[in-house]
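As a plain string of letters, each chain reads:
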2 protein chains.
Amino acid sequence: MLRSDPDLAARCVSCTHLNSGFCAALFNACGEQSALPRLHQQFFTVRAGQQIKCQSEARDDVLVLCSGWAFRYIQLSDGGRQILRFLLPGDIFSPAAIFAKGMSFSAKALTQVQVSRLDGEEVRKQCRADELVMMEVFRSLGDNGRASYELITVLGQRPAERRIAHLLLSLMRRVAVDGVVQHHRYPFPLKQQHIADAIGLTSVHVSRVLALFRDRKILTISEGRLEVTDLAELERLAALN
Amino acid sequence: MLRSDPDLAARCVSCTHLNSGFCAALFNACGEQSALPRLHQQFFTVRAGQQIKCQSEARDDVLVLCSGWAFRYIQLSDGGRQILRFLLPGDIFSPAAIFAKGMSFSAKALTQVQVSRLDGEEVRKQCRADELVMMEVFRSLGDNGRASYELITVLGQRPAERRIAHLLLSLMRRVAVDGVVQHHRYPFPLKQQHIADAIGLTSVHVSRVLALFRDRKILTISEGRLEVTDLAELERLAALN
DNA sequence: CGTCGGGTTGAAGATTGTCAATCGTAGTGG
DNA sequence: CCACTACGATTGACAATCTTCAACCCGACG
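Let me sum up the structure you'll find in this document. (Residues numbered from 1 in each chain as written. Chains lettered and ligands numbered in written order. Predicted model: local features only at pLDDT ≥ 70, side-chain atom pairs only at ≥ 80, totals over all residues. Heavy atoms only, no water.)

Within chain A one finds eight helices and 10 strands. Counting only residues that meet the buried cut, chain A has 51% of its 241 residues in that class. Intrachain contacts of chain A at a sequence separation of at least 6 include 72% that bridge at least 24 residues. Within the structure as shown, chain A displays about 11,200 Å² of accessible surface, and the carbon and sulfur contribution to it stands at 50%. (Helix = DSSP H or I, 4+ residues; strand = E, 2+ residues; numbered from the N terminus. Buried < 20%, exposed > 50% of the residue type's maximum accessible area, 1.4 Å probe, protein only. Contact = heavy atoms within 4.5 Å. Areas by Shrake-Rupley, 256 points an atom, 1.4 Å probe, with all protein chains shown as cover.)

See below:
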């Protein structure tokens, strides 16, 4: 599961996640001009479906997703699983764990992923030294908090159709931030079971709703891609006000 | 709705919320021994049911609940309302808003409440000056994040009975932290409509489930009090693993 | 060629919502 | 003291939503 790869670091330098956000601030702060020490990081890859970080692991590391998709989730003993958040390149696996006690969720790779492991103490040092790095942590925490509250609202107040619409639209928007998207076609590696676990439905019901969306010419999911044909209707369904 | 009250400050000094958490750290840091300037704060009271802070209000303040109960919520245009979190004395209304852009929720008083208003810039200054104050902000953020993820899991994976059990048990535990609780009787100012809005059910269904709990001798809610008669069963229902 | 994972579909049932009536309690004004 | 009202809780009947179980399909892959 863990693998050392010297080439990976070089490849990751050009990853999209370095163009913005936490890592950009972090590595800017540690650039040549800076008096700060260069940041030490390890890279590793995880295959699709494999666990990345589980609740029991108590290492003081900060993991950042470099490429691929992953998700945070909570596994219930009765077999149920709640997906809490999908992670895209640039996302910190557990931003709250940088400064406070970690939260009790696990993470899994959705596709094959590359992950950067930073030392917790070094990151905290950088946060204290550079206001911008700290602000990126707060931005990440804020985004996660906002997303959590939206998800709570959707789960509590919306029927299946609108839950799915909301999930798909939020993912689309996040994907569109750094990837060029053509003809309303988005990369979409989720299985219907992932959708189901993310919004508290069964995969059977997800299948039915997606069939409806297809019939109504709103969107189609096939071959790992999501194609939106009626964005206005999708937005209407996903709206939270 | 807003009211200046010179006596309130004196009264609030002995409030339970000062015995622990954010405010304790904040005022310790600003004590006589400290070189830091004394913190400026205003107090105001809000009657039960009144709004405290709405989405449009863009003031850079930090509000802390001094006494009474309140809640964060999102109001939907179709009449639905999702309660995101109940607030008890000592809770910050929007900890994420101290350092990042605020989140779009509103807050309402559940009982009559006393609120302390601190200046955002002063609070940030204290955070930078005193590690302990900063840690309290992170603790607050962490607690809120953990609670959000628990709520998401409960909403997504649990039926009505277990959702209600989870909500009641979490509230009990928070109430029990600083209040002395006798004979498993807890102050409980929520109406059934609040329970319903917090866990995504109708008040009608909440009524049915509470009737069931009464029949099964698990707990009883009456006259603003919650009395638990079978804690083991309640914990079993509320368990999240 | 068999198998396996993921998706689709149908039928039946469980859970929860909607609508509406009723009840008790607290307040309010005459 | 008594109507009158308002609010919250309760209950019944019925409907909508979603789950469960099962069968089947289909493409990938050994």
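Residues and elements named next belong to chain A. When strand S9 (residues 219-222) meets strand S10 (residues 225-228), the two strands line up antiparallel, connected through four bridges. Paired with Thr220 across the bridge in S10 is Glu227. Connecting S9 to the antiparallel partner S10 that follows it, the hairpin turn spans two residues, and Glu223 within it adopts a positive phi of roughly 50°. (Pairing = 2+ DSSP bridges.)

Another point: the nonpolar core. Counting 129 residues, the largest nonpolar core has Phe22(A), Ile164(A), Phe22(B) and Ile164(B) as the members making the most contacts within it. At 10 residues, the largest contribution of residues to this core is made by helix H4 (residues 131-157) of chain A. Among all residues touching Phe22(A), those that are not within four sequence positions of it are Val64(A), Ile92(A), Leu118(A), Val123(A), Val133(A), Glu136(A), Val137(A) and Arg139(A). (Core = buried A, V, L, I, M, F, W, Y, C linked by side-chain atoms within 4.5 Å.)

Now for the side chain of Arg124(B). All names here are of chain B. Relative to the assigned elements, Arg124 resides in helix H3 (residues 120-129). Exposure remark for Arg124: the relative accessible area of 11% places this residue in the buried category. In this structure, Arg124 is in contact with Asp60, Ile98 and Phe99, ignoring residues within four places of it in sequence.

Moving on to the relation of the copies chain A and chain B. Superposition of chain A onto chain B requires a rotation of 180° combined with a translation of 0.0 Å along the rotation axis, giving an RMSD of 0.0 Å. These values place the two chain copies in the arrangement generated by a two-fold rotation axis. Rotation axis and chain A: the residue whose C-alpha lies nearest the axis is Ile152(A), separated from it by 2.8 Å. A shared binding surface is used by both copies, with 100% of the interface residues of chain A retained as interface residues in chain B. (Least-squares fit on C-alpha atoms with pLDDT ≥ 70 in both.)

Looking now at the protein's contact with DNA strand C. Residues in close proximity to DNA strand C total 14 residues, the closest being Gln192(A), Ser207(A), Arg214(A), Ala160(B) and Arg208(B). Counting only atoms of DNA strand C within 4 Å of the protein, the sugar-phosphate share comes to 71%. One of the side-chain N or O atoms of Arg208(A) is found 3.1 Å from a base nitrogen in DNA strand C. Measuring from a phosphate oxygen of DNA strand C, one finds a side-chain N or O atom of Thr202(B) at 3.3 Å. The set of elements that each furnish at least two residues to the surface near DNA strand C consists of helix H7 (203-215) of chain A together with helix H7 (203-215) of chain B. (Near = heavy atom within 4 Å. Polar contact = N/O pair within 3.5 Å; in protein donor to acceptor, adjacent residues only side chain to side chain.)

As a further point, take the packing of aromatic side chains. Tallied over the full model, the rule gives nine aromatic pairs over all chains. Centroid distance Phe105(A) to Tyr149(B): 5.7 Å. Interplanar angle 75°. Geometry classified as edge-to-face. Pair noted here: Phe105(A) is in the loop between strand S5 (81-87) and strand S6 (106-109) and Tyr149(B) is in helix H4 (residues 131-157), and the two residues belong to different chains. When sorted by exposure, Phe105(A) lands in the same class as Tyr149(B), which is buried. With centroids separated by 6.1 Å and ring planes inclined at 65°, the aromatic side chains of Phe71(B) and Phe86(B) adopt a geometry described as edge-to-face. Here Phe71(B) is found in strand S4 (residues 70-75), whereas its partner Phe86(B) is found in strand S5 (residues 81-87), with 15 residues between them in sequence. Each member of the pair Phe71(B) and Phe86(B) is classed as buried. Within the aromatic cluster, the residues linked to one another by ring pairs are Phe99(A), Phe138(A), Phe99(B) and Phe138(B). Against the face of Tyr73(A) rests Arg81(A), its NZ or CZ located 5.9 Å from the ring centre. (Phe/Tyr/Trp six-rings, centres within 6.5 Å; stacked < 30°, edge-to-face > 60°. Lys NZ or Arg CZ within 6 Å of the ring centre and 35° of its normal.)

Right, let's get into the interface of chain A and chain B. Taken together, the 39 residues of chain A in the interface contact 39 residues of chain B. In total, chain A and chain B occlude about 3,400 Å² of area from one another, counting both sides; carbon and sulfur atoms represent 66% of this. The largest contributions to the chain A side of the interface with chain B come from Phe138(A), Tyr149(A) and Ile152(A), which together make up 21% of the buried area. Where chain A touches chain B, the interface holds four salt bridges. Ionic pairing is found between Arg158(B) and Asp78(A), a salt bridge with its closest N-O pair at 3.0 Å. Applying the counting rule to chain A against chain B returns 10 residue pairs in polar contact (both at pLDDT 80 or more). (Buried area = accessible area lost by both parts, 1.4 Å probe. Salt bridge = Lys/Arg side-chain N within 4 Å of Asp/Glu carboxyl O.)

Residue and element names in this part refer to chain A. Positive phi, normally seen in glycine, also occurs at Glu223, with a value near 50°. Counting through the fold element by element, Glu223 comes out in the loop between S9 and S10. Judged by its relative accessible area of 79%, Glu223 falls in the exposed class.

A few words on the packing of helix H5 (residues 160-178) of chain B against helix H6 (residues 192-199) of chain B. Residue and element names in this part refer to chain B. Their axes nearest at 10 Å, the elements H5 and H6 cross at an angle of 110°. Classified by the interaxial angle, the pair formed by H5 and H6 is roughly perpendicular. Of H6, the residues touching H5 (which contributes Arg163, Ile164 and Leu167) are Ile195, Ala198 and Ile199. (Axes fitted to C-alpha atoms, helices over the stretch in contact; angles between N-to-C directions. Parallel < 35°, antiparallel > 145°, perpendicular 65-115°, else oblique.)

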